[in-house]
Amino acid sequence: MGELVDRLKADVRIKDSLHACIHCGTCTAICPAASFYDYDPRELTSTVQDIVARGDDKRLIELLSSNYIWYCGECMSCKTRCPRDNAPGVIIEALRALAQETGLFAESEKGRQQLMIKRTLGEWIVDYGYCVVGDKMLLEMFPEQGPNWQWVLDNIDLVFEKQGAHYQKEGNGAMRKIPKEDLDELRMIYKVTGADKRFKTIEEFSKKKAEEMGIQFDESHDCEYFKHVYTFNSNNK
Amino acid sequence: MIELKGKERIWEKYQKEIPLDRYYYARSCIRQNFWPGSETTFIKILEEELGKTILDEEHHTTCSGIAYHCDVIPQETTMTIVARQFSLMCESGYEHFVPSCITSFGIYTEILETWNEHPEVEEKIKRMLMEATGREFRKPKFLVHPSDVIYALRFDILKKAKYRLVNAKTGEPLKCVEHVGCHYAKMFPDKGVGGAEFPRVLMGMIEAWGGEVVDYPERRTCCGFGFRQYMVQANRGYSIACTKRKFDSMEPYKPDLIVTNCPGCPFFLDRWQYVIAEMEGKVYTEDGYGIPVLTYEELAGIVLGYNPWELGLQMHQVSVEPLLKKIGFEYDPLDKFKVGNQTILTLPEAPGVLKV
């Protein structure tokens, strides 16, 4: 017992952000996620501390398999005022990392959403050098962008040029085309630092889960499983 | 009564040393995509108005911060990408690192703090960067956000101001909501001007340029981004609910504008006003246009009298014209949709509820 807990304890974020909670509840009072979801950062901190103290892998597996660790928005408001220098939002980062490395993310509705994030932000970084790529954020997936954004997309070269940006051009400036040699360095960083390995795990466990759920899965953004994780919300029912 | 010496000591931790020249600029993914004119304006103000040196080179990339806070990439990956950015800064002979994004500013701050607490982590990242790219790096002498720089230079900007944040008809100061991005000082309060308790960074600009700051109950609440809570459509209820809570709270104060230092916050404060209007018919101003939301670069550009459409105000879903009219700003309304050789583009579709 405790092998998984040991992996969690090795994360520098746990070393820095998990101390004995005094249950003042300030983190929960100011937490946006706590006011929207059935989520309580004070409870999370105590629960994780107890799991770590007891080396309780069984409870850790339950936690990593649950929606609970995916509710936080990482605004880090909790970190500001904790008198014990805890940071529940940072503990969440360590838990989510372990959930993905072990494949347990695929066991919860919210965790399964990581496939969508991997296939967009995660891949955009090495494909384009930007983690957010506006001209990929079409109204079909992001309808709240509104009609002005559609107008920008329809005229993007000219609208960006008017503002002194260099959309898809070589050289410096906003939204320039990032040179190939720089993207190659990012790709090597992904390989050396474990991002490629994590992405492979996300794909493998997502595929397995899609088969279990009987939802069509392939490598495209159009596959049914991608659309499912992007839009499905059971509201905990 | 507290002696001055004591007071100075009390306020010492809320000060921030901000270098006044020679900046290495790292652009923001969100700001480039959604408010590209803001970055152009920041560089223009520094170079052309204030005679500062700022390097804007082509080889830097995303810091990967949004992906990191969506938890999809390992901490080591983000740290190594950040180390590469530092390497580019060193190669260029600069020591003052200025990241345009607040998420990035938080990422850089957190990483530097972690390396400070755990030198073995920094050593590991040095090895990883060397293995991946053959690069070496030194940490910056100063890490400051561009809003820190504009704050430090706010009175120099005032000297060149063509407009004030004052109602041209009544002479009353405009009521301004300042929204400081969460990752500016909530994680490491001593790294922001005024800390998390008394963030002065945007207040200082507003007051220097003639406006009045609105103090409302949800002033320090997150804009509602929540990273994965917005990126995934199934979670967006979190995002809009959070933003709506802020609007409901500020509404009775009748703000004339909202200004932010994070590039993501104006996206949500602008776009969710459009969605709330479409879903519920609710508009947060009596004139039916909604509350204009600006980046601090746009606000500085307006004060300096720059062409609003070169600033990029046409990128906003909530119209900024009511604000321009309020301060007596002279502008060409048709120029909003002109490009290149004065061609007028087909106008955007009008929203269902918000006036434009």
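A quick note: this is a predicted structure, and the numbers were derived from the prediction, not measured. (Residues numbered from 1 in each chain as written. Chains lettered and ligands numbered in written order. Predicted model: local features only at pLDDT ≥ 70, side-chain atom pairs only at ≥ 80, totals over all residues.)

Trainee: Give me the lowdown on the overall build of chain A, citing residues and values where you can.
Mentor: Broken down by element type, chain A carries 15 helices and 0 strands. Oriented by its inertia axes, the alpha-carbon framework of chain A measures out at about 60 × 45 × 40 Å. For chain A, the proportion of its 237 residues judged to be buried stands at 48%. (Helix = DSSP H or I, 4+ residues; strand = E, 2+ residues; numbered from the N terminus. Buried ≥ 20, exposed ≤ 12 C-beta atoms within 10 Å, placed from the backbone.)

Trainee: Got a sec to walk through the overall build of chain B? Specific residues and values, please.
Mentor: From N to C terminus, chain B includes 17 helices and 10 strands. Referenced to the eigenvectors of the C-alpha coordinate spread, the extents of chain B come out at roughly 60 × 55 × 45 Å. When burial is assessed residue by residue, chain B has 56% of its 356 residues classed as buried. When contacts within chain B are restricted to residue pairs at least 6 apart in sequence, those whose partners lie at least 24 apart make up 77%. (Contact = placed C-beta atoms within 7 Å.)

Trainee: An account of the pairing of strand β3 (residues 96-99) of chain B is requested, with residue identities and associated values reported.
Mentor: Residues and elements named next belong to chain B. Alternating positions in β3 separate into two faces, His96 and Val98 on one and Phe97 and Pro99 on the other, with burial throughout. Examined bridge by bridge, β3 and strand β4 (residues 142-143) share 2 bridges and lie parallel to one another. Across the sheet, the residue bridging to His96 is Phe142, located in β4. (Pairing = 2+ DSSP bridges.)

Trainee: Please set out the domain arrangement of chain A residue by residue, giving values where relevant.
Mentor: Residue and element names in this part refer to chain A. Domain annotation of chain A identifies domain 1 (3-110) and domain 2 (113-231). Computed from C-alpha coordinates alone, the two centres of domain 1 and domain 2 are separated by 28 Å. Tallying the contact residues gives 6 residues for domain 1 and 8 residues for domain 2. Here the residues of the side of domain 1 that touches domain 2 sort into 2 nonpolar, 2 polar and 2 charged. (Domains from an automatic or database assignment. Nonpolar A, V, L, I, M, F, W, Y, C, P; charged D, E, K, R; others polar.)

Trainee: Which residues make up the packing of helix α13 (residues 180-193) of chain A against helix α5 (residues 75-91) of chain B, and what values do they have?
Mentor: One way to put it is that α13 of chain A packs onto α5 of chain B with a least axis distance of 9 Å and a crossing angle of 145°. Crossing geometry of α13 of chain A relative to α5 of chain B is assigned as right-handed. Here Glu185, Leu186, Ile189, Tyr190 and Thr193 of chain A of α13 of chain A lie close against α5 of chain B, whose contacting residues are Glu76, Thr77, Thr80, Ile81 and Arg84 of chain B. Across the contact of α13 of chain A with α5 of chain B, the residue classes break down as 4 nonpolar, 3 polar and 3 charged. (Axes fitted to C-alpha atoms, helices over the stretch in contact; angles between N-to-C directions. Left-handed = near helix turned anticlockwise from the far one by under 90°.)

Trainee: Hey, could you go over the sheet that holds strand β6 (residues 212-213) of chain B for me, with residue numbers and the actual values?
Mentor: All names here are of chain B. Taking strand neighbours across the sheet as the criterion, the 4 strands line up as β6-β5-β7-β8 in an open arrangement whose pairing is parallel. Lying at the two open borders of the sheet, with one neighbouring strand each, are β6 and β8 (293-295). Looking at chain direction, strand β7 (residues 257-260) and β8 are connected through 3 bridges and run parallel. The partner of Val259 across the bridge, within β8, is Leu294. Packed on one face of the sheet, helix α14 (residues 264-280) meets β5 (175-179), β7 and β8 and runs near 165° to β8.

Trainee: Describe the interface of chain B and chain A, naming the residues involved and giving the relevant values.
Mentor: Accessible area lost on assembly of the parts is the figure often given for the size of an interface. Each side of the interface is counted separately: chain B has 73 residues, and chain A has 67 residues. Of the residues assigned to the side of chain B that touches chain A, the class counts are 35 nonpolar, 23 polar and 15 charged.

Trainee: Give a description of unusual backbone geometry that names residues and reports values.
Mentor: Residue and element names in this part refer to chain B. A positive phi angle, close to 60°, is found at Arg22, a residue other than glycine. Position of Arg22 relative to the elements: it lies in the loop between α1 (4-12) and β1 (23-26). Within the chain, Phe227 stands out as a residue other than glycine whose phi angle is a positive 50°. Take Phe227: it is sitting in the loop between β6 and α12 (228-231).

Trainee: An account of the sheet that holds β4 of chain B is requested, with residue identities and associated values reported.
Mentor: Residues and elements named next belong to chain B. A sheet is described by the order of its strands in space; here 4 strands give the open sequence β2-β1-β3-β4, paired in parallel fashion. The open sheet is flanked by β2 (54-55) and β4, the only strands paired with a single partner. Bridging between β1 and β3 involves 4 bridges; their strand directions are parallel. Considered in β3, the bridge of Tyr24 is made with Phe97.

Trainee: Before we move on, could you go through the nonpolar core and cite the residues and values that matter?
Mentor: In a soluble, globular protein the nonpolar side chains are often hidden away together inside. With 182 residues, the main nonpolar core has Ala33, Ile91, Leu95 and Leu121 of chain A together with Ala67, Val82 and Val259 of chain B as its most contacted residues. The greatest single-element share of this core, amounting to 9 residues, is contributed by α14 of chain B. (Core = buried A, V, L, I, M, F, W, Y, C linked by C-beta atoms within 7 Å.)

Trainee: So what about the environment of Ile22 of chain A? Which residues, and what values?
Mentor: Residues and elements named next belong to chain A. Note that Ile22 resides in the loop between α2 (12-17) and α3 (26-29). Of the residues examined, Ile22 has 12 C-beta atoms within 10 Å and is grouped as exposed. C-alpha of Ile22 to C-alpha of Cys82: the two residues are 60 residues apart in sequence and 9.3 Å apart in space. Beyond its immediate sequence surroundings of up to four residues, Ile22 is in contact with Pro83 and Arg84.

Trainee: Give me the packing of α5 of chain B against helix α7 (residues 119-133) of chain B: which residues, what numbers.
Mentor: All names here are of chain B. Look at α5 against α7: their axes get within 9 Å of each other, and the N-to-C directions meet at 75°. Judged by the angle between their axes, α5 and α7 are roughly perpendicular. Seen from α5, the contacting residues are Glu76, Met79, Thr80, Ala83, Arg84 and Ser87; seen from α7, they are Ile125, Met128, Leu129, Ala132 and Thr133. Residue composition of the contact of α5 with α7, by class: 6 nonpolar, 3 polar and 2 charged. (Parallel < 35°, antiparallel > 145°, perpendicular 65-115°, else oblique.)

Trainee: Quick one: what's the story with the domain arrangement of chain B, residue by residue and with numbers?
Mentor: All names here are of chain B. By the assigned domains, chain B splits into domain 1 (23-145) and domain 2 (147-344). A separation of 25 Å is found between the C-alpha centroids of domain 1 and domain 2. On the domain 2 side, the residues contacting the 29 residues of domain 1 number 33 residues. Of all the elements in the fold, those that place two or more residues in the side of domain 1 that touches domain 2 are α2 (29-34), α3 (36-49), α4 (65-69) and α6 (102-117). Class assignment for the residues of the side of domain 1 that touches domain 2 results in 15 nonpolar, 10 polar and 4 charged.

Trainee: An account of α5 of chain B is requested, with residue identities and associated values reported.
Mentor: All names here are of chain B. The end-to-end C-alpha separation of α5 is 24 Å, in line with the 24 Å expected for 17 residues at 1.5 Å each. With 14 of 17 residues buried, α5 is to be regarded as a mostly interior element. One or two steps after α5, the chain reaches Gly93, where phi turns positive at roughly 80°. (Expected span 1.5 Å × (residues − 1).)

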